Amino acid sequence: MTSNVSDNRFTRLLAERAWLLADGATGSNLFDMGLMSGDAPELWNFDHPERITKLHQSFVDAGADIILTNSFGGTTYRLKLHNAQGRMAELNTAAAQLARAVADKSGRTVVVAGSMGPTGEIMEPVGTLSAADATAAFAEQATALKAGGADVLWIETMSSREEVEAAVAGASTTGLPVVCTLSFDTNGRSMMGISPSDFSEIEKSLSPRLAACGSNCGVGASEMVATIHNLHTAMGPDVVLVAKGNCGIPQYVNGSIVYNGTPELMSVYARMALDSGARIIGGCCGTSPVHLRAMKDALDAHTKGPAPSIDEVVGALGEISTGARAQWGGELSRAGGAAAGANLNRGRGRRSGAGSGG
Ligand SMILES: [Zn+2]
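Basis of the calculations
Residues numbered from 1 in each chain as written. Predicted model: local features only at pLDDT ≥ 70, side-chain atom pairs only at ≥ 80, totals over all residues. Helix = DSSP H or I, 4+ residues; strand = E, 2+ residues; numbered from the N terminus. Rg over C-alpha atoms; globule rule 2.2 N^0.38 Å. Buried ≥ 20, exposed ≤ 12 C-beta atoms within 10 Å, placed from the backbone. Contact = placed C-beta atoms within 7 Å. pLDDT = per-residue confidence, 0-100. Expected span 1.5 Å × (residues − 1). Arc of directions from axis to C-beta. Axes fitted to C-alpha atoms, helices over the stretch in contact; angles between N-to-C directions. Parallel < 35°, antiparallel > 145°, perpendicular 65-115°, else oblique. Left-handed = near helix turned anticlockwise from the far one by under 90°. Nonpolar A, V, L, I, M, F, W, Y, C, P; charged D, E, K, R; others polar. Pairing = 2+ DSSP bridges.

Chemist: Looking at this structure, I do not really get the overall build of the protein. What am I missing?
Modeler: Assigned secondary structure in the protein consists of 14 helices and ten strands. For the protein, whose C-alpha radius of gyration is 18 Å, the value lies close to the compact-globule estimate of 21 Å for 358 residues. Across its three principal directions, the C-alpha atoms of the protein cover 50 × 50 × 45 Å. Residues classed as buried in the protein amount to 56% of the 358 residues present. Once local pairs closer than 6 in sequence are excluded, the contacts in the protein between residues at least 24 apart make up 79%.

Laid out in C-alpha cells, this is it:
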C-alpha cells in the first residue's frame, strides 16, 4: 500500500531538514488576482492556469519547500455547488500538474502537496453523508491528484472526527504519505468540538498513521502557537507538526476580508511555532509571498530555542482564547474549550468559496 519511503520527496526532505517551509494562502491570494466570491477556484486550473502558476512560482521564489495545489474544494460534493462535479478528475489532476511543473523547474526539491478540504456536508450520525460515500469521494480526489504528480496528500481545515477518518482513509488508498490539519478556531477546539488532545487520540487510531499533522487557518497567530503547544504536549516529540496559521486576524474592511498580519508579525509567529514544536511552518489566509519570504528569513536566522511561555506568546502575538489557555494549563476535559458540537450550526456554508482553502 505504501510506496518506497525513500523515493518520496516529502519524506526525504523531512528526514534531511530540521524544518520545512510550506506556502501561504491560496484562496485570499486568488481573490487578489480577480477571483470573485462564490466562484470555484478549481475552475481556474483550466480557465486561468497562468495565474495559478504565477502564485505557485511566487511562493517558490519566496522559499517554500512545500506548495499546495489549487484543489481545496475539489471533492465532487464541493464541485457540485458549481455544477462542476463531472470535472472532478481533470480539475484535480490539472491542479497537481500546474504545481508539479513549477516545482520541477525550481532547481531544488519542492514538494507538491495535494490539497483536500472538507466536503461541506455533515457526516453521519449527525448529518447525512455516510463514511463510505465520503471515503470514496476523497479517494477519487486523491487518485486524481496523484495522477497529476502530487507527492503527498494534504487534508486541511478539517473539523470532525468522522471526516478526518474518511479523508485519511480515502487519501491512503493512493499509497502516498498523508498529512492532515484541523482548524482549531472555536475557543481552542475545532467547530465540531475536537481539541488538540482529542486529535492526538484520533491520530493514534489511524492506520496508516499520518506523515504529519497539525493545524491550519483559525483565528490568528497567537492562537496558532498555543494550538501547536497543546498539540505538541498531547502528541509528543515524534509526531511531525504542521503550523499553517492565518496572517493575523480577519477584519471586514470596505466589503472585503483583509488580514492584519504584517511580515514582522508572521516572522515572530514562525519562530515561536518552531520553538513550540512545529517542523512544517507556513501561512494560511492572508499570507502573501512577501509574508512568506519574511518567515523564511526569520527561520533561517533563528536557532530553535526553548518553547515560549504563554505570557511570551501573548506579549508578542496577541491574546489566546480561554479554551486554549485552559488546555495549556492541563485542562483536557470538556471544560477545556468550547463544548463539543457547540457550533454545529456553523458547519454549513461558512467555508463556502475559497476562504479557508488558505
Ligand atoms: Zn485559512
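Past the structure itself, the notes keep going.
Chemist: Just to check I follow, could you spell out the confidence of the model for the protein for this structure?
Modeler: Interpretation of this model should avoid reading the predicted coordinates in detail wherever pLDDT is low. Mean pLDDT over the protein: 92, with 92% of residues reaching 70 or higher. In this model, residues 340–356 is a region of pLDDT below 50 whose contacts with residues beyond four sequence positions or in other chains number 34 contacts.

Chemist: Is there a simple way to explain helix α4 (residues 49–61) in this structure?
Modeler: Each turn of an α-helix holds 3.6 residues, which means side chains three or four residues apart point in the same direction. In this model α4 runs 18 Å from its N-terminal to its C-terminal C-alpha over 13 residues, within 8% of the 18 Å that 1.5 Å per residue would give. Turning to α4, its buried residues are Ile 52, Leu 55, His 56, Phe 59 and Val 60. Buried residues of α4 fall within an arc of 135° about the axis and therefore sit on the same side.

Chemist: Looking at this structure, how should I read helix α9 (residues 196–205)?
Modeler: Residues Pro 196, Phe 199 and Ser 200 constitute the buried set of α9. Considered in projection along α9, the buried side chains sweep an arc of 105° and stay on one side of the axis. The inward-facing, buried residues of α9 abut β5 (178–182), α10 (221–235) and α14 (322–328).

Chemist: What is the right way to look at the packing of α9 against α10 in this model?
Modeler: For any two helices packed against each other, one specifies the inter-axial angle together with the distance between the axes. Contact geometry of α9 with α10 gives a least axis separation of 8 Å together with a crossing angle of 45°. Our classification of the angle between α9 and α10 gives oblique. In this structure, α9 crosses over α10, and the sense of that crossing is right-handed. The residues of α10 that touch α9, namely those facing Pro 196, Ser 197, Phe 199, Ser 200 and Glu 203, are Thr 227, Asn 230, Leu 231, Ala 234 and Met 235. Its residues placed into classes, the contact of α9 with α10 shows five nonpolar, four polar and one charged.

Chemist: Sorry, what's going on with the sheet that holds β5 here?
Modeler: One key point about sheets: their strands pair by backbone hydrogen bonds, in either a parallel or an antiparallel sense. In space, the eight strands of this open sheet follow the order β1-β10-β7-β6-β5-β4-β3-β2, with parallel pairing throughout. Two strands bound the open sheet, and with one partner strand each, they are β1 (20–21) and β2 (66–68). Examined bridge by bridge, strand β6 (residues 212–217) and strand β7 (residues 241–245) share five bridges and lie parallel to one another. Following the sheet pairing, Cys 217 is matched in β7 by Gly 245. Strands in contact with helix α12 (residues 289–300) are β1 and β10 (278–283); relative to β10, the strand with the most contacts, it is inclined by about 155°.

Chemist: Before we go on, may I ask you to explain the packing of helix α7 (residues 131–147) against helix α8 (residues 161–172) in this structure?
Modeler: Contact geometry of α7 with α8 gives a least axis separation of 7 Å together with a crossing angle of 45°. Relative to α8, α7 is oriented oblique. Crossing of α7 over α8 shows right-handed handedness. Note on element contacts: α8 touches α7 through Glu 162, Glu 163, Ala 166, Ala 167, Ala 169, Gly 170 and Ala 171, opposite Ala 131, Ala 134, Thr 135, Ala 136, Ala 137, Phe 138, Ala 139 and Ala 142.

Chemist: How do you make sense of the pairing of β10 when you look at a structure like this?
Modeler: A regular strand carries its side chains on alternate faces of the sheet. Most of β10 sits inside the fold, with five of its six residues counted as buried. Note that β1 and β10 share two bridges and pair parallel. Looking at the pairing, Leu 20 lines up with Ile 280 of β10. Bridge analysis of β7 against β10 gives five bridges, and the strand direction is parallel. Looking across to β10, one finds that Gly 245 is bridged to Gly 283.

Chemist: I'm lost on unusual backbone geometry in this one. Help?
Modeler: Cis geometry is adopted by the peptide bond preceding Pro 125, which originates at Glu 124 and carries an omega value of 5°. Following the sequence through the fold, Pro 125 ends up in the loop between β3 (111–116) and α7. Cis geometry marks the peptide bond from Ser 207 to Pro 208, where omega comes out at 0°. Of note, Pro 208 is situated in the loop between α9 and β6. With a phi close to 55°, Asn 83 is a non-glycine residue in the positive phi region. Among the secondary structure elements, Asn 83 is positioned in the loop between α5 (76–80) and α6 (88–104). Of note in this structure, Cys 217 is not a glycine but carries a positive phi near 65°. Structurally, Cys 217 can be placed in strand β6.

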